[in-house]
Each structure stands twice: as structure tokens, then as C-alpha cells.
Number of protein chains: 2
Amino acid sequence: MSKPYKDFRPQWMEEAAPDDSYRSIFRWGNPNFTKYPNEHLYKAIKKVFHMSDDDFKQYDGNIGLDKVSFDVPKKVVTSEDIEFFKSLVGADFVRDDDYARLSVAYGKTMYDLLRLRKKIIENIPDVVIYPDNSTQIEKIVEYVNEHKIPLYVYGGGSSVTRGVECIKGGVSLDMRLRFNKVIEFNEVDQTITVEAGMSGPKLEELLNNAQKYFGAKRAYTCGHFPQSFEYSSVGGWVVTRGAGQNSTYYGKIEDIVMGQKYATPIGIIITSHYPREATGPSLNQIMMGSEGAFGVLTEVTLRVFRYMPKNRRRFSYMFKNWEVAMVAAREMMQKECGVASVFRLSDAEETEEMMMLYGVDHGPVNAALSKLGYLPNKKCLFLGFTDGELGYSKNVAKNIRRIARKYHAFNMTGVVTKAWEKGRFNDPYLRDTMQDFGIMTDTLECSVNWSNMAKVHDEVRAYCHSRKDTIVLTHMSHVYPQGANLYFIFIAKMNEIDDFKQYHSGILDAIQKSGAAISHHHGVGKMFGPWLEGYLGKLEYGTFKVLKHYFDPNNVMNPGGTLGLDLEEKDKRFLKEENH
Amino acid sequence: MSKPYKDFRPQWMEEAAPDDSYRSIFRWGNPNFTKYPNEHLYKAIKKVFHMSDDDFKQYDGNIGLDKVSFDVPKKVVTSEDIEFFKSLVGADFVRDDDYARLSVAYGKTMYDLLRLRKKIIENIPDVVIYPDNSTQIEKIVEYVNEHKIPLYVYGGGSSVTRGVECIKGGVSLDMRLRFNKVIEFNEVDQTITVEAGMSGPKLEELLNNAQKYFGAKRAYTCGHFPQSFEYSSVGGWVVTRGAGQNSTYYGKIEDIVMGQKYATPIGIIITSHYPREATGPSLNQIMMGSEGAFGVLTEVTLRVFRYMPKNRRRFSYMFKNWEVAMVAAREMMQKECGVASVFRLSDAEETEEMMMLYGVDHGPVNAALSKLGYLPNKKCLFLGFTDGELGYSKNVAKNIRRIARKYHAFNMTGVVTKAWEKGRFNDPYLRDTMQDFGIMTDTLECSVNWSNMAKVHDEVRAYCHSRKDTIVLTHMSHVYPQGANLYFIFIAKMNEIDDFKQYHSGILDAIQKSGAAISHHHGVGKMFGPWLEGYLGKLEYGTFKVLKHYFDPNNVMNPGGTLGLDLEEKDKRFLKEENH
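Keep in mind that what you see is a predicted model, and the values were worked out from it rather than measured.

Asker: Which residues make up the overall build of chain A, and what values do they have?
Answerer: Each helix and strand in chain A was counted, giving 22 helices and 18 strands. At 24 Å, chain A has a C-alpha radius of gyration in line with the 25 Å of a compact globule built from 580 residues. Principal-axis analysis of the C-alpha atoms places the extent of chain A at approximately 75 × 60 × 55 Å. Residues classed as buried in chain A amount to 66% of the 580 residues present. Here the contacts in chain A between residues at least 6 apart in sequence split such that 77% fall between residues at least 24 apart.

Here's what the structure looks like:
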């Protein structure tokens, strides 16, 4: 929540969405918390999009206050099937009302939000089941396989790749309600085993209070904090190969997972749970990233870490430009001095936006920075914090300070970092508020090696900006000695679904053509599915097809284009000639 | 080389093996360097094995001085095939003489050595090809697939799993001679791309002198130093999922590999080369561990690290017993203070042997230790060193010191570590010297979680010691926050192949029954192949079978039991009931 406006106050929608409304489905975040741009940012938005205060007096299109109601027949599931499911999980935990069906059909890409605002009801499940334990899920998978009923899974619902969408109708498992229990906490090994529907905040709360809940000797942390943390689930983290904002230190989820259990059409799959092995291809790494197409993830064993927030050292620096900032960032990651936990480097455009978002752009700080040679639309903000044992944490911060100084960065202290921390999970709340006035926000991200970083940054941004009057914020995060994630946030006045699809596809094309991996942590889902075979190569992609056929011969697991697995050739997108 | 003996001097074989002899094939290491036990160790060996000086006056059996010569017809390859291979790689680089054929047939398990000493010639290739580049290998793979000729690969030859053995005859590619070049060094990304036959020492020499060879700004290291380093190859590291002695800091090879290229029967497979991705299952992790059964690894891109030996901090401590040492080791790895590079904890039996090997057991040090409560057959030696940037390295050493002190370990300083370093690659030379007198040495290792460490240590050692008069040395190395590798060296008076096979199988059974992973870094090969399906589970193992069938439908890639892939059911070993 920001300070009140001096002059005009836009008609920001601040009330919680009505029960059972469309808005209650598409709106992200805590229903009782609203976020809108501060006055500086509001003025900047008006300017970029050629809007006036008048445009903020009424909403642009439907803001979804109506009660969810539609008439869409079931595609596959019969009343006999429903009886079976009820007998298995309890009558209260099988629902086929409109609200239940729609609430698990879509994720959180703009494509989803636009459809919900426009009441376009497609690809919804016939029935939603709220399982309680792995055995129920195993029986459901066995049943749907036998009866050839498509099966989908809804975890936290933050997919931006149409990962949860029920293209072929059938059943969706909503994991949030009951399938969220701890199976085992092992303090000696520092691991926890949970059901896949376990939510991020609940997991972290349990671990932070491990003494109370598990009789542990100390407090722990899960180390995994995606921006969607508040409504994300462990299962979603794992099957999509997600990353948390602290991944530079804690690793991506594939670095944190120790073991997995899946219910697949051919039976239960249990991966092993050792730190490392030399027993053939890694089954853990085959199942992670399968995005529900091989089976339903039921249980996960995760590494846990010591919770030591007192050791945290915050830092932020202003670099003179992107080129020098990139060199410094690389040096920080290659110096072998330990690594920061959050490591976030904004490019010039994002830096200006962040300064506005945090209310410092028109203040004396910005003016002083300019005088010192840290110029508007040039300067780049770098922020983060360290974790780990105190000596380790301090050594990382010390080396970052040294390298920042070597590259003539201005020390902004930890204050900027604290502002970022305050908004790290709820900055995305701005998105719905602004979309009420026709302003679209979405993101794409990619994995890049250092030697190609400048090119990817240039080319992808050039494409994004080829659309007039578009804000494109780029930052580097999730950083490694060999490269980093580049993250693009694009904001535009846009209300039409086809416009969005075309623009989104164009950016994804630009990412692939520039030589980056098409996703570092969002996953592939059904939205990026058409690109995957062209990106990996036909023979390489063939491994996914044979694995899919092995686990799911009847194609009932998340069918309809997940990982591009059941797409027709004509629907796939090949951007490069096969080079071998 | 050790000090001369005071009394009797055994007939240690010190001369280099004659050219083209059996010994020149089976003897490990630099031909011009010999290692034999010092007098203390010699006396201890005599005692354990009830041997006298008389037993060391003549060799026990054949020591392999004869010239290699045998009459074994080709199994598959015709003269037309040979003509084709010669036209492809050059006439000088295709050999079918006895020596060439035998020299690539076996690895270095005792099973291999016993066969060579006994002149048991089986499972040799029909012809050996010395390829020069990836294109040649791609054409060879295409040809052998078309003509259904089995294809094997010989890298450094240090396999202890019968990984290279040419069960079905056919072709073996000897990668050492020519296929060992650098393809690209990328200092910005800190990566190097090499041909798979690149040797460990050559790679390290290039990287240590990167300024000279590549015009780099600084020196680098590969970070991967298996005990077999001197004669190991990059390709071998990768396809078996190997680990170096410094893996606690640098990671196992799967943590170091960025990208791979394979020649498979269905065509060329190129994995991607990003630090991390979210684009479905990991192809890199599917190919690593395929042990030649999916295709021939041709090129590898590895991460490289800064070479900073001046920052290294050596340490060694003596713990009072294994129980307390395990707790301390775990705390060191879970403290999040950074990690040591070499981290090696010997159990009580190994500690006694190491003290002898390094000549300190009968000295004042050992007596003083006893007085202080560090008792014989109880005390446990822990040693290692740190790597990385100076502040990081010092912080790790400081925390290790603190934790060692907390658990009442005695500081042995870095001297013991230096002695270990001196012998780290040539201690295995002792093996051949002792085998000349009928004393067998071999090793097995496994991956263990902390909570199961004591059990695995107890049970596996109990089995090993169930054989009378056997030395069993155990240490923990390659250590993680969640567990470690346990490494067993067993030494016995043993000369019969069947005795060895039975004992070796029994240990592997004990490892699996105790709840450890059957290999942390040696791999599976053909020797552990029978265990793999039972270890992983039938459905889980099924993924390997469908991948194998996809890449190699004619079963010409390392056929004959690699990863157990083409074994009959009756030849597989299932130790547990399927539990799901």
C-alpha cells in the first residue's frame, strides 16, 4: 500500500473480490491486501501510455465482480466415475459446480487473466477432486488410466505457462485443501518429506519453528522463495523446475530435491534419495520437469537449511551502466568467495522504475547520483543479501563490496534492499490493479551464459520495444559462475487476447533466436510447448516422447500440449534448421 | 618409494614391465615408478596374512612378464569392415594385433587383474580403432549400427566395473591416442570444451597454464582429481558419473559438466549448455551415467575454476572414535560456512593403516596420542584442505578447527595431509606390488545419508570381516550436507577368480541391504549390472530400458550387460521385494 495521492486519486479497486466471483479466481494474492502505484509511478505510467486522469475514473472492461456461472457440459467424466471418486475420497471432496471447475482451470499468465475477465470459459475440468493422501491419488491415477479420463493437477495455481489448464476436460486434482501434510522431518539428514500440495508459507512456518513442531534442535528454512511464494506449492516447484529468489545461494529446486514419489499410469515411481549417485541416468532429473505429463507427483523429500537471519548482510550498489555491471556481477560469481543469496541486477530501464516504485526517483538521492555520474537511463541498481554462517556471509558481502568498488559502483547501503524485501512477494499485486485500466503486465525469462548476456539483453529488449509505448524492465537474477537468468517484465496498454498471444510468441522467438534457453524456471507447460522440440532438437526431444509413452501410454496425464508432447507437427514452432 | 628395509628385503618387482607384456597391461600407473610397503606396513601385512619372509622370496603365480600372445579368432568384424575403418581413420590407426586387442579389453578391478595374470583371454575386441575426431566417430557409429557390430570405448582404462570389456567382440575405440584435443576455451564463461579422450593430467596442465596456451588472464583448474587421475580421461569421468578427491568443494563430474555431444546409432545428440534450465527433464542428466550404452560421448564442455593453490589451507585432526568423528563431520557440512575441498575421514582400522603407511605409527606421535586418550583401533584420522578465495578458504578452515575442537579432536596440523597428498595418486601402485605375492586389494564404495551412516559402516564391514584374515579400510569422502560416500578397501590373501567374485558380490549385497546406493562414483558397468534393476526397482529401471531402445535399437553400444540392460532375468540379482 502506498501513500495517498496529492492531486487526483484513480479509481483503484481496493475491495476484496466478491465470493465466488471471476475476480476471486484471477486476482493474485491476499484478497484483503491491495497494492497500487505511488503517485510518481502513476504519473510515469500515464505519460508512457498517453493516458489521462480521465482514463482512471472508470475501469477498462470487465473487472470480474460477477458470480461465476456458465453452462459448459462435461466432456468425459460420467456420473459413475463421480460415484467412484466420492467413494474413494469422500463425497464432500468431489465437486462439479461451476466455481470449483473454473477455479482450477487457469494459471496466471495474462492469457489466463484476459480470458477470465472476458468470461471465456474453455478447457475446464469436468470435476475437481480434493485428495487427502498418496494412496487416494494412486487409485485415481489407476482409475483414470483404465477409463481413459484426462487428469490434471492444480497446486498453487501460479503457472504462467498454461501448465494446469484442462485442455481435454476430465479430472483436476486440487492439492491445496488436504494434500499438504508433513510425512517426515529428519534432522540428522536435514531433510523434510511432504505431500506435494504443501504450501510454501506453511512449509517455511513449520521449518522456522522446527523446535516447536518437530522437537528439533534449531530452526530451519526451505530456502525456496519464488515470487509466487505465498500461493505456491512444493509440487509445483518441483515438476516445473522452479527457482526461488534466493536461488543463487540455495540453488534451484532441482538442487534442493532429494527424492520424489509419483503415481503414474504404470504404477508408483520412487526415485532414490542420496546426495549423489553413479547408478546410470538420474531418475530424479528425469522426473523433475515432467510437469504432470508422466504422472502425479505425490511426495517430495527436500533438503532444508539452517535458519540464520541474523547473519544476513544486505547490500545495494549503483553501477554506471549495464556493461560494467555485467562484468562486476560475473566477477562476483567467479571469484569463489561464496555466493550471495539474493543477487539482483536491474538494467537501466528497470532501475528507473524501481527508483520510482520505492519512491526515491524524484528525491535528492537521484539528483545526487546524477551529479556523481550515475545518470538516468544509464545507471543500474544491484541489490541483494547474503545468507549462511556469519563468517561466510560476511566474507561474501566483503568481496561484493570490493568488486563493486573496483567497478566504481556507488554504495546505496541496505536500505534499498529492505524496500525490495518489503515488496518482494506483493509487488505483483500491482498487476491486477493496473489491468483494471487496460494495462497489461507479464513476464518471460531465460537462461543465459555470460558470453552471450549482452546479445540476449539487446535482442530480446529490441523485440519487446518494437511495440510502441511499452515498458520493458529487465533484471539478472539466479546467478551462476557460468551465467544467469535474464528476466523480462513487459507492461503495455493491451486488452485483446490475440494481441497478447502474438506479442508473447514474438518475445519467446526472440529469446530462442538470441541463443538463450527458453526457460530458466517458469517451465514449459502448454504455452511454450510448441517451441520445445525446435529448441532441444528432434532427436534430443525424442527422449521425452519415449519416456512419456512409457509412463503414460494412454496419454491421460496432463494431455493437450504439455511439453509439446501431444501436439501435431503443424502446431510446433521450429525456429532453427536442425544443425546436425 | 619408501625407505630401505633394515632386515629382510622382499623381492618387490621394481623393474618396468617389459614391452608388450601382460604386466604392461594390468600394472597400474607410471611404468617407471614403483611403490612398495614400508617396513612397518610389511610387518603388519605378514602378521595379518600369516606370512613369513620366505613367502616374499618368490612370486605367487605369474607376474605377467611374458609377451602377449594368443590365438583368439575375431567374433564379428570382417576384413571388409577393417578396410572401411582404415579408409576412414587411416591405416595406421586400425589395429588387430594381439597386444592392441588385449590392451583395451579390461579395466582395473581385481577380476580383470587376476584374469590377465592367469592369461585368461576373453571378451576382447576384434579390432581397435584410434579415432582422431568426432566426425570419424559419428561415421563409425553409423557403420557399426548398420552392420550390427558391437562397439566399445576405452578411455583411461581405470574402470573397476568391467565398463570397457568387449563382451561381444567387435570394435573398441581407444580414445587416448588422438582424440584428446581442446575444441574451445571460453574464459568469459569459464568453460572448456574438449574431446572425450582428453586425459586428466593434460587437461589440468593446459588449464594451470591457460595464460600460455589460451592467452587467458589467469590460471585455472579442472577441479576433478579421481585417484585414477594420472591415466583417466574426461569421457570416462562423465559417462560413469565419476568423482574427484576434491569433489566436496568442486562437485562430482555431473556438477561440473555444462554440455555433452554424443554419436548414437540414431544420430548426433547435443545437450544444452546452460547453468540451469526449466525445459523438461534434464538431457544432460539422462546422458551422464549412460556408460556407453546409449552412444559414444565425443565432446564435453566443462566448467573450470580459478587455480589458487596459495589459498589452500591444510588440516588434519585425530578424533577419539568413529561415532564422534561422524557427528563432527556432519556438523562441518551442515554449518553453511563453506566446504573443504578434500575432506577425508578414516575409520579406526584405516587410521592404523594410514599411520603405518605414513610411517608415524611406531613413532612418538602414536604413543603420545595414546596417552592423551586417542587409542589404537579407536582413533580416527580426519584430513583435508580447503580451496577457493582466501577469505572463503580461511573461513572454512577456521570453522573446521572450531568444530574439531568442540568434539575434542587432536590437531595433527597439515603435515599428515601433505603425506597423503604425496601418495594420493600413487598409493594404488602398492596394489600390483603386493599382488605379486598373492595379496589382493580391491575397493567398493557407496552413497549414504547421515542417518544411515553408522548402520552401513557396521554392516558392510561386518560382511567384509566375515572372511577371516582380511584387512578392511573404510573412509568417508565426497561429503554433503545430507550424507557422504563411504569407501571400503579390502585386502586379503586371495588368488582365485571365483573366490574374488563371490566375496565382491557379497560386499555389494551387503551395501544394498544396508540401505546405501550401490555406487557413488565408480559407476555400474557390467560388473554391478545384475544389481541395478533390483536396486532401482523394476518400473524405475524401465526408464533406462526405453531410453536404451530409443538410442540403440540394435544393441550395438557397449552390449553385454552394461547397466544390466541386456541381461536375462535369471542373471539379475534382486535383493528386496518390490515394495510398491
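Asker: Any chance you could break down the nonpolar core for me, citing the residues and the numbers?
Answerer: In terms of nonpolar packing, the biggest core is built from 282 residues, with Phe319 and Met476 of chain A together with Phe319 and Met476 of chain B touching the most fellow members. Non-local contacts of Phe319 of chain A, meaning those with residues more than four positions away in its chain, are made with Val324, Ala325, Ala328, Met332, Leu345, Tyr374, Lys379, Cys380, Phe382, Ala404, Tyr407 and Ala409 of chain A. Ranked by size, the runner-up nonpolar core spans 35 residues in total, among them Met354, Tyr358, Tyr374 and Leu383 of chain B.

Asker: An account of the sheet that holds strand β15 (residues 410-411) of chain A is requested, with residue identities and associated values reported.
Answerer: Think of a sheet as strands paired side by side through backbone hydrogen bonds, with each pair either parallel or antiparallel. Residues and elements named next belong to chain A. Spatially, the seven strands line up as an open sheet ordered β15-β12-β14-β13-β17-β18-β16, and their pairing is antiparallel. With one partner strand each, in any of the chains shown, β15 and β16 (439-449) form the two edges of the open sheet. Pairing analysis gives two bridges linking strand β13 (residues 342-346) to strand β17 (residues 470-480), with the strands arranged antiparallel. Across the sheet, residue Ser346 finds its bridge partner in β17, namely His475. The strands touched by helix α14 (residues 348-357) are β12 (314-319), β13, β14 (380-385), β17 and β18 (483-493); relative to β17, the strand with the most contacts, the crossing angle is about 100 degrees.

Asker: Give a description of the environment of Asp71 of chain B that names residues and reports values.
Answerer: Residue and element names in this part refer to chain B. Position of Asp71 relative to the elements: it lies in the loop between α2 (39-48) and α3 (79-89). Overall, Asp71 belongs to the exposed group, its relative accessible area being 75%. Through-space distance from the C-alpha of Asp71 to that of Tyr274 is 50 Å; in sequence the pair is 203 residues apart.

Asker: Before we move on, could you go through the pairing of strand β6 (residues 191-195) of chain B and cite the residues and values that matter?
Answerer: Residue and element names in this part refer to chain B. Most of β6 is tucked away, with five of its five residues classed as buried. Residues Thr191, Thr193 and Glu195 of β6 are buried on one face, and the alternating residues Ile192 and Val194, pointing to the opposite face, are buried as well. The pairing of strand β5 (residues 182-186) with β6 spans four bridges and is antiparallel. Across the sheet, the residue bridging to Asn186 is Thr191, located in β6. In this structure, the hairpin formed by β5 and β6 is closed by a connection of four residues, where Gln190 is found at a positive phi of approximately 55 degrees. With five bridges connecting them, β6 and strand β10 (residues 296-303) associate as antiparallel partners. In the strand pairing of β10, Thr191 is matched with Arg303.

Asker: Break down helix α7 (residues 200-208) of chain A for me, with residues and values.
Answerer: Every buried residue of α7 of chain A is listed here: Gly200, Leu203, Glu204, Leu206, Leu207 and Asn208 of chain A. N-capping of α7 of chain A is provided by Ser199 of chain A, with a side-chain oxygen placed 3.1 Å from the backbone N of Lys202 of chain A.

Asker: With reference to specific residues and values, describe the interface of chain B and chain A.
Answerer: With 90 residues of chain B in contact, the opposing surface of chain A contributes 90 residues. Each partner contributes to the roughly 7000 Å² buried at the junction of chain B and chain A, and carbon and sulfur atoms together form 56% of this total. Of all residues in chain B, the largest losses of buried area upon contact with chain A belong to Arg276, Glu336 and Gln482 of chain B, amounting jointly to 12% of the total for that side. Put simply, chain B and chain A have two salt bridges between them. The residue Asp255 of chain A makes a salt bridge to Arg276 of chain B at a minimum N-O spacing of 2.7 Å. If you look at where chain B meets chain A, you find 51 residue pairs in polar contact (both at pLDDT 80 or more). Element by element, the count of residues in the side of chain B that touches chain A is highest for helix α22 (residues 538-551) of chain B, at ten residues. Classifying every residue of the side of chain B that touches chain A by side-chain character gives 40 nonpolar, 32 polar and 18 charged.

Asker: Residues and numbers for the relation of the copies chain B and chain A, please.
Answerer: Superposition of the two copies of the chain requires a rotation about an axis and a shift along the axis. Under the fitted operation, chain B is carried onto chain A by 0.0 Å of movement along the axis and a turn of 180 degrees, and the coordinates agree to an RMSD of 0.0 Å. Put plainly, the chains are arranged around a two-fold axis. Most of the interface of chain B is mirrored in chain A, where 100% of its interface residues again form contacts.

Asker: Run through unusual backbone geometry, naming residues and quoting values.
Answerer: At Asp469 of chain A, a position not held by glycine, the phi torsion is positive, near 55 degrees. With respect to the helices and strands, the residue Asp469 of chain A is situated in the loop between α19 (453-466) and β17.

Asker: Can you explain the packing of helix α5 (residues 110-117) of chain A against helix α20 (residues 497-514) of chain A? Please cite residues and give values.
Answerer: Residue and element names in this part refer to chain A. Running from N to C, α5 and α20 cross one another at 175 degrees; their axes reach a closest spacing of 10 Å. Between α5 and α20, the angle is such that the two are roughly antiparallel. Packed against α5, whose contacting residues are Met110, Tyr111, Leu114 and Arg115, the element α20 presents Ile497, Phe500 and Lys501 at the interface.

Asker: So what's going on with the sheet that holds strand β1 (residues 94-95) of chain A? Which residues, and what values?
Answerer: As summarised here, the arrangement of the four strands in space is β1-β2-β4-β3 (chain A), forming an open sheet in which the pairing is mixed. A strand with exactly one partner marks an edge of an open sheet, and here the two such strands are β1 and β3 (151-154) of chain A.

Asker: Please provide a residue-by-residue account of the pattern of salt bridges, values included.
Answerer: Enumeration over the complete set of coordinates arrives at 82 salt bridges over all chains. Between Lys67 of chain A and Asp20 of chain A there is a salt bridge, with the nearest N and O atoms lying 3.4 Å from each other. On the criterion of sequence distance, the pair formed by Lys67 of chain A in the loop between α2 (39-48) and α3 (79-89) and Asp20 of chain A in the segment before α1 (22-26) is long-range, its members being 47 residues apart. Judged by its relative accessible area of 31%, Asp20 of chain A is partly exposed. A salt bridge links Glu352 of chain B to Lys379 of chain B, with the nearest nitrogen and oxygen atoms 3.2 Å apart. Of this pair, Glu352 of chain B sits in helix α14 (residues 348-357) while Lys379 of chain B sits in the loop between α15 (364-371) and β14 (380-385), and the two are 27 residues apart along the sequence.

Asker: Account for the environment of Val327 of chain B, naming residues and giving values.
Answerer: All names here are of chain B. Structurally, Val327 can be placed in helix α13 (residues 322-334). Look at Val327 and you get partly exposed, because its relative accessible area is 32%. Separated by 123 residues in the primary sequence, Val327 and Trp450 have C-alpha atoms spaced 9.0 Å apart.

Asker: With reference to specific residues and values, describe a positive patch on the surface.
Answerer: On the surface, Lys394 of chain A together with Lys398, Arg401, Arg402 and Arg405 of chain B cluster together into a patch of positive charge. Tracing the backbone through its elements, the reader meets Arg405 of chain B in helix α16 (residues 390-406).

Asker: Provide a residue-level description of the packing of helix α16 (residues 390-406) of chain A against α16 of chain B, including the pertinent values.
Answerer: It is the contact of α16 of chain A with α16 of chain B, at a shortest axis distance of 10 Å, that shows an interaxial angle of 175 degrees. Of the possible angle classes, the one that applies to α16 of chain A and α16 of chain B is roughly antiparallel. Where α16 of chain A abuts α16 of chain B, its residues Gly391, Tyr392 and Asn395 of chain A lie against Gly391, Tyr392 and Asn395 of chain B. Grouping the constituent residues of the contact of α16 of chain A with α16 of chain B by class yields two nonpolar, four polar and no charged.

Asker: Just give me the short version of the packing of aromatic side chains, but keep the residues and values in it.
Answerer: Taken as a whole, this structure holds 61 aromatic pairs over all chains when the rule is applied. On the numbers, 6.1 Å between centres and 70 degrees between planes, the contact of Tyr392 of chain A with Tyr392 of chain B is edge-to-face. Here Tyr392 of chain A, found in helix α16, pairs with Tyr392 of chain B, found in helix α16, and the two come from separate chains. The buried category is assigned to Tyr392 of chain A, whose relative accessible area is 8%. Taking 5.2 Å as the distance between ring centres and 25 degrees as the angle between the ring planes, the aromatic pair formed by Phe294 of chain B and Phe551 of chain B counts as stacked. Highlighted residues: Phe294 of chain B in the loop between α12 (283-287) and β10 and Phe551 of chain B in helix α22, separated in sequence by 257 residues. For the pair Phe294 of chain B and Phe551 of chain B, one class covers both residues: buried. Geometry around Tyr106 of chain A places Arg115 of chain A over its ring, the cationic atom sitting 4.2 Å from the centre. Above the face of the Phe93 of chain A ring, Arg178 of chain A is positioned so that its terminal group lies 3.4 Å from the ring centre.

Calculation rules
Residues numbered from 1 in each chain as written. Chains lettered and ligands numbered in written order. Predicted model: local features only at pLDDT ≥ 70, side-chain atom pairs only at ≥ 80, totals over all residues. Heavy atoms only, no water. Helix = DSSP H or I, 4+ residues; strand = E, 2+ residues; numbered from the N terminus. Rg over C-alpha atoms; globule rule 2.2 N^0.38 Å. Buried < 20%, exposed > 50% of the residue type's maximum accessible area, 1.4 Å probe, protein only. Contact = heavy atoms within 4.5 Å. Core = buried A, V, L, I, M, F, W, Y, C linked by side-chain atoms within 4.5 Å. Pairing = 2+ DSSP bridges. Axes fitted to C-alpha atoms, helices over the stretch in contact; angles between N-to-C directions. Polar contact = N/O pair within 3.5 Å; in protein donor to acceptor, adjacent residues only side chain to side chain. Buried area = accessible area lost by both parts, 1.4 Å probe. Salt bridge = Lys/Arg side-chain N within 4 Å of Asp/Glu carboxyl O. Nonpolar A, V, L, I, M, F, W, Y, C, P; charged D, E, K, R; others polar. Least-squares fit on C-alpha atoms with pLDDT ≥ 70 in both. Parallel < 35°, antiparallel > 145°, perpendicular 65-115°, else oblique. Patch = residues over 30% accessible without salt bridge, like charges linked within 9 Å, V, L, I, M, F, W, Y side chains within 5 Å. Areas by Shrake-Rupley, 256 points an atom, 1.4 Å probe, with all protein chains shown as cover. Lys, Arg positive; Asp, Glu negative; His and termini not counted. Charge placed at Lys NZ, Arg CZ, Asp CG, Glu CD. Phe/Tyr/Trp six-rings, centres within 6.5 Å; stacked < 30°, edge-to-face > 60°. Lys NZ or Arg CZ within 6 Å of the ring centre and 35° of its normal.

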